Amino acid sequence: MSQILTVAMPKGRIFDEAVQLLRKAGYQLPGEFQDSRKLIFDIPEEGFRFILAKPMDVSTYVEHGVADVGIAGKDVLLEEERDVYEVLDLKISPCHLAVAGLPDGVIKDVAPKVATKYPNVASKYFREQGEQVEIIRLNGSIELAPLIGLAERIVDIVSTGRTLAENGLVELEHIANITSRFIVNPVSYRLKDREIDEMVERLKSVVGE
Ligand code: PRP
């Protein structure tokens, strides 16, 4: 008998693409999935329980084993460095992490301020560049920071580039390319290897189609 897999899904911008990929892989998912406010969906016919998490929390659920597998942005994996296996690049939701700021931004401070949702990624990046900065952690609307003088620069996701352009900011440095990844809890991989391998194979067959 097959065991149920608990799958942590990221709510928000990756969600629709992730659901589309699962459907392409042949999984029958209910229509209400996308529009509901429910946080847990049981789909026993497909052998799944889905939990709908904040994108930044997906790898936390998987590390703690309350989800066996999950779909998480590489940005989250770089920031959180959780103890999970990254087994497949799903190649969905492509974007990149970048340093941005005002086009004529003059940096006078000894340790200029950098606002970001990704304090670990940003600290590591500037350390590697040999630059001393002060990191200011924000939870969203990062582009506000240089506009109102909270920080000289930001580290954030750039997808279409619209948010930067519409706020008069420019990209200064490219940090890393990002796509969504299929991640697995190491213990689950031992205990539910058959179910997880099947899911990976089915996803593999539709990635990049
Ligand atoms: C993300 C990111 C940028 C924007 C980039 O924010 O933090 O602000 O999207 O996308 P673009 O290049 O296509 O404009 P999100 O919409 O997730 O909201 P947030 O500002 O609350 O983090």
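A. Broad picture of the nonpolar core. In this structure, Met-9, Phe-33, Phe-50, Leu-90, Phe-182, Met-199 and Leu-203 are the most contacted members of the largest nonpolar core, which totals 31 residues. Within the residue set of this core, elements represented by two or more residues are β1 (5-10), α1 (15-24), β2 (40-43), β3 (48-53), β4 (69-73), β11 (180-184) and α8 (193-204). It is α1 that contributes the most residues to this core, five residues altogether. In this structure, Met-9 is in contact with Phe-15, Ala-18, Val-19, Leu-22, Phe-33, Phe-50, Ile-51, Leu-52, Ala-53, Val-58 and Ile-71, ignoring residues within four places of it in sequence. Core analysis: the next-biggest nonpolar cluster, separate from the first, contains 14 residues, Cys-95, Tyr-118, Phe-126 and Ala-176 among them.

B. Layout of the sheet that holds strand β9 (residues 153-158). The strand order β8-β7-β9-β6-β10 describes an open sheet built from five strands, whose pairing is mixed. The sheet terminates laterally at β8 (134-137) and β10 (170-178), the two strands that pair on one side only. Sheet twist, expressed as the average angle between the axes of neighbouring strands with direction ignored, equals 25°. Relative to β9, strand β7 (residues 113-116) runs parallel, the two sharing three bridges. Bridged to Thr-116 within β9 is Val-155.

C. Just unusual backbone geometry, in detail. Of note in this structure, Lys-91 is not a glycine but carries a positive phi near 60°. Along the polypeptide, Lys-91 turns up in the loop between β5 (85-89) and β6 (95-101). With a relative accessible area of 54%, Lys-91 lands in the exposed category. Of note in the backbone geometry, Ser-93 takes a positive phi value of approximately 50° without being a glycine. The topology assignment puts Ser-93 in the loop between β5 and β6. Assessed through its relative accessible area of 14%, Ser-93 is described here as buried.

D. Layout of a negative patch on the surface. A cluster of acidic residues, Asp-16, Glu-17, Glu-32 and Asp-35, forms a negative patch on the protein surface. Following the sequence through the fold, Asp-16 ends up in helix α1.

E. Layout of the site of the ligand. As a structural note, the neighbourhood of the ligand is formed by 13 residues, with Arg-13, Lys-117, Asp-156, Thr-160 and Thr-163 the closest of them. Interatomic distance of 2.7 Å between a side-chain N/O atom of Asp-156 and an oxygen atom of the ligand. Protein contacts shield 74% of the accessible area of the ligand, which totals 490 Å² for the unbound molecule. Secondary-structure elements contributing two or more residues to the shell around the ligand are β9 and α6 (162-166). No other element matches the three residues that β9 contributes to the shell around the ligand. Split into classes, the residues belonging to the shell around the ligand amount to two nonpolar, six polar and five charged.

F. Seen up close, the pattern of salt bridges. By the definition in use, this model includes 14 salt bridges. Between Arg-194 and Glu-195 there is a salt bridge, with the nearest N and O atoms lying 3.8 Å from each other. Since its relative accessible area comes to 52%, Arg-194 is described here as exposed. It is possible to trace a salt-bridge network through shared partners that takes in Lys-74, Glu-86, Asp-89 and Arg-181.

G. Seen up close, the environment of Glu-173. Mapped onto the fold, Glu-173 is located in strand β10. Distance in space between the C-alpha atoms of Glu-173 and Arg-202 is 37 Å, their sequence separation being 29 residues. Not counting residues up to four positions away in its chain, the partners in contact with Glu-173 are Ala-98, Val-99, Tyr-125 and Arg-153.

Basis of the calculations
Residues numbered from 1 in each chain as written. Predicted model: local features only at pLDDT ≥ 70, side-chain atom pairs only at ≥ 80, totals over all residues. Heavy atoms only, no water. Core = buried A, V, L, I, M, F, W, Y, C linked by side-chain atoms within 4.5 Å. Buried < 20%, exposed > 50% of the residue type's maximum accessible area, 1.4 Å probe, protein only. Helix = DSSP H or I, 4+ residues; strand = E, 2+ residues; numbered from the N terminus. Contact = heavy atoms within 4.5 Å. Pairing = 2+ DSSP bridges. Axes fitted to C-alpha atoms, helices over the stretch in contact; angles between N-to-C directions. Patch = residues over 30% accessible without salt bridge, like charges linked within 9 Å, V, L, I, M, F, W, Y side chains within 5 Å. Areas by Shrake-Rupley, 256 points an atom, 1.4 Å probe, with all protein chains shown as cover. Salt bridge = Lys/Arg side-chain N within 4 Å of Asp/Glu carboxyl O. Lys, Arg positive; Asp, Glu negative; His and termini not counted. Charge placed at Lys NZ, Arg CZ, Asp CG, Glu CD. Near = heavy atom within 4 Å. Polar contact = N/O pair within 3.5 Å; in protein donor to acceptor, adjacent residues only side chain to side chain. Nonpolar A, V, L, I, M, F, W, Y, C, P; charged D, E, K, R; others polar.

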